[in-house]
Amino acid sequence: MSKNNTRPSMLTGYRDHTLADVKETYREQATTMANMDWLNQAFTGRYRRALFGDATGRVLDVGCGVGTSAQYLGRDTEYVGIDISDAVLTEAEQRLDDSPQETTLYEMDAQDLDFPNDSFDTVISSLSTCTFPNRVEALSEMGRVCAPDGRILLLEHGRSSVGPIARFQDWRADAHFEKHSCRWNQDPLAVVAESPLTTIESSSAFFGMITAIEARPA
Ligand SMILES: C[S@@+](CC[C@H](N)C(=O)[O-])C[C@H]1O[C@@H](n2cnc3c(N)ncnc32)[C@H](O)[C@@H]1O
């Protein structure tokens, strides 16, 4: 894998990474993501169902990956997925071909969404904030495109609340980031608190590694 930038970030402790880095990471991982999606769902399906099950209207999935979350939405929703990786979107396209919802996918940067203000009733994102080069910018964009009375639903992973697991995550954080462009010991609530979004409700599960967040636009 070629990574362009090796300068450590003073803000995060991780070295900076660029959109090109992320694209390269997920170009390499697209097929694995599709093949291993059953495992992803086995671990996270119940959390997706609980958080996204009552999403309404026109729904934007930011960093949609292979479209894993689409099936947890109601049939009467319209699903719009965006991802920076064309390779991942090709897998998503095949998987969502017979989806019951109206579905559209776009190659797009979460940090610079090409949608007008207030164009979605619900914005969802799962296990993706950790990979966005500028997480606060991406959250701010989610708020901008969400209707003022809409909801932003984030399923995040981060640093465990269990000491030994958290220490293992800290120890492997750089290696994990290098391979997956993913900050696996992030604090999702702290990242949202830095953004213009307002957290309405949150809960954690799986040794504190999974955080479900309901937020509202500013
Ligand atoms: C760990 S995967 C999660 C995929 C999916 N949401 C899920 O729940 O399994 C992270 C996804 O975010 C995408 N991504 C990373 N940075 C992005 C950006 N700046 N804009 C859009 N998508 C991005 C990656 O290409 C990848 O598909």
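This write-up is about the structure you can find in this document.

Rules used throughout
Residues numbered from 1 in each chain as written. Predicted model: local features only at pLDDT ≥ 70, side-chain atom pairs only at ≥ 80, totals over all residues. Heavy atoms only, no water. Helix = DSSP H or I, 4+ residues; strand = E, 2+ residues; numbered from the N terminus. Rg over C-alpha atoms; globule rule 2.2 N^0.38 Å. Buried < 20%, exposed > 50% of the residue type's maximum accessible area, 1.4 Å probe, protein only. Contact = heavy atoms within 4.5 Å. Areas by Shrake-Rupley, 256 points an atom, 1.4 Å probe, with all protein chains shown as cover. Lys, Arg positive; Asp, Glu negative; His and termini not counted. Charge placed at Lys NZ, Arg CZ, Asp CG, Glu CD. 1 Å grid on protein atoms, 1.4 Å probe; cavity = no way out; pocket = protein on both sides within 12 Å on 5 of 7 lines; lining within 4 Å. Points joined across faces, edges and corners; volume = space filled by probe spheres on them. Nonpolar A, V, L, I, M, F, W, Y, C, P; charged D, E, K, R; others polar. Pairing = 2+ DSSP bridges. Axes fitted to C-alpha atoms, helices over the stretch in contact; angles between N-to-C directions.

**A look at the overall build of the protein chain**
And then number 1: Within the protein chain, the secondary structure is distributed over 6 helices and 7 strands.
And then number 2: Counting from the amino terminus, helix and strand elements in the protein chain follow one another as α-α-β-β-α-β-β-α-β-α-α-β-β.
And then number 3: The C-alpha radius of gyration of the protein chain comes to 16 Å, within 12% of the 17 Å expected for a compact globule of 218 residues.
And then number 4: Taking the principal axes of its C-alpha atoms as reference, the protein chain extends roughly 45 × 35 × 35 Å.
And then number 5: Counting over 218 residues, the protein chain shows a buried share of 53%.
And then number 6: Contacts spanning at least 24 positions in sequence make up 67% of the contacts within the protein chain whose residues lie at least 6 apart.
And then number 7: Within the structure as shown, the protein chain displays about 10,400 Å² of accessible surface, and the carbon and sulfur contribution to it stands at 50%.
And then number 8: In the protein chain, 20 side chains carry a positive charge and 33 a negative one; their mean positions are 7 Å apart.

**So, empty space enclosed by the protein**
And then number 1: Taken as a whole, this structure holds 1 cavity of 30 Å³ or more when the rule is applied.
And then number 2: The space that makes up the largest cavity amounts to roughly 40 Å³.
And then number 3: In terms of lining, the largest cavity is formed by Thr 129, Leu 139, Leu 154, Glu 156, Gln 186, Pro 188, Val 191 and Val 192.
And then number 4: Elements with a contribution of two residues or more to the lining of the largest cavity: β5 (146-157) and α6 (188-194).
And then number 5: Of the residues contributing to the lining of the largest cavity, the split by class is 5 nonpolar, 2 polar and 1 charged.

**Examining the sheet that holds strand β2 (residues 78-83)**
And then number 1: In spatial order, the strands read β3-β2-β1-β4-β5-β7-β6; together these 7 strands make up an open sheet with mixed pairing. At either end of the open sheet lies a strand with only one pairing partner, and these are β3 (102-107) and β6 (198-205). Adjacent strand axes in the sheet meet at a mean angle of 15° when their direction is disregarded.
And then number 2: Bridge analysis of strand β1 (residues 58-62) against strand β4 (residues 120-126) gives 3 bridges, and the strand direction is parallel. Considered in β4, the bridge of Val 59 is made with Thr 122.
And then number 3: Its contacts with the sheet put helix α2 (residues 37-52) on β4, β5, β6 and β7 (210-216), and the angle it makes with β5 is roughly 165°.
And then number 4: Together, β1, β4 and β5 form the strand contacts of helix α4 (residues 135-145), whose direction differs from that of β5 by roughly 145°.

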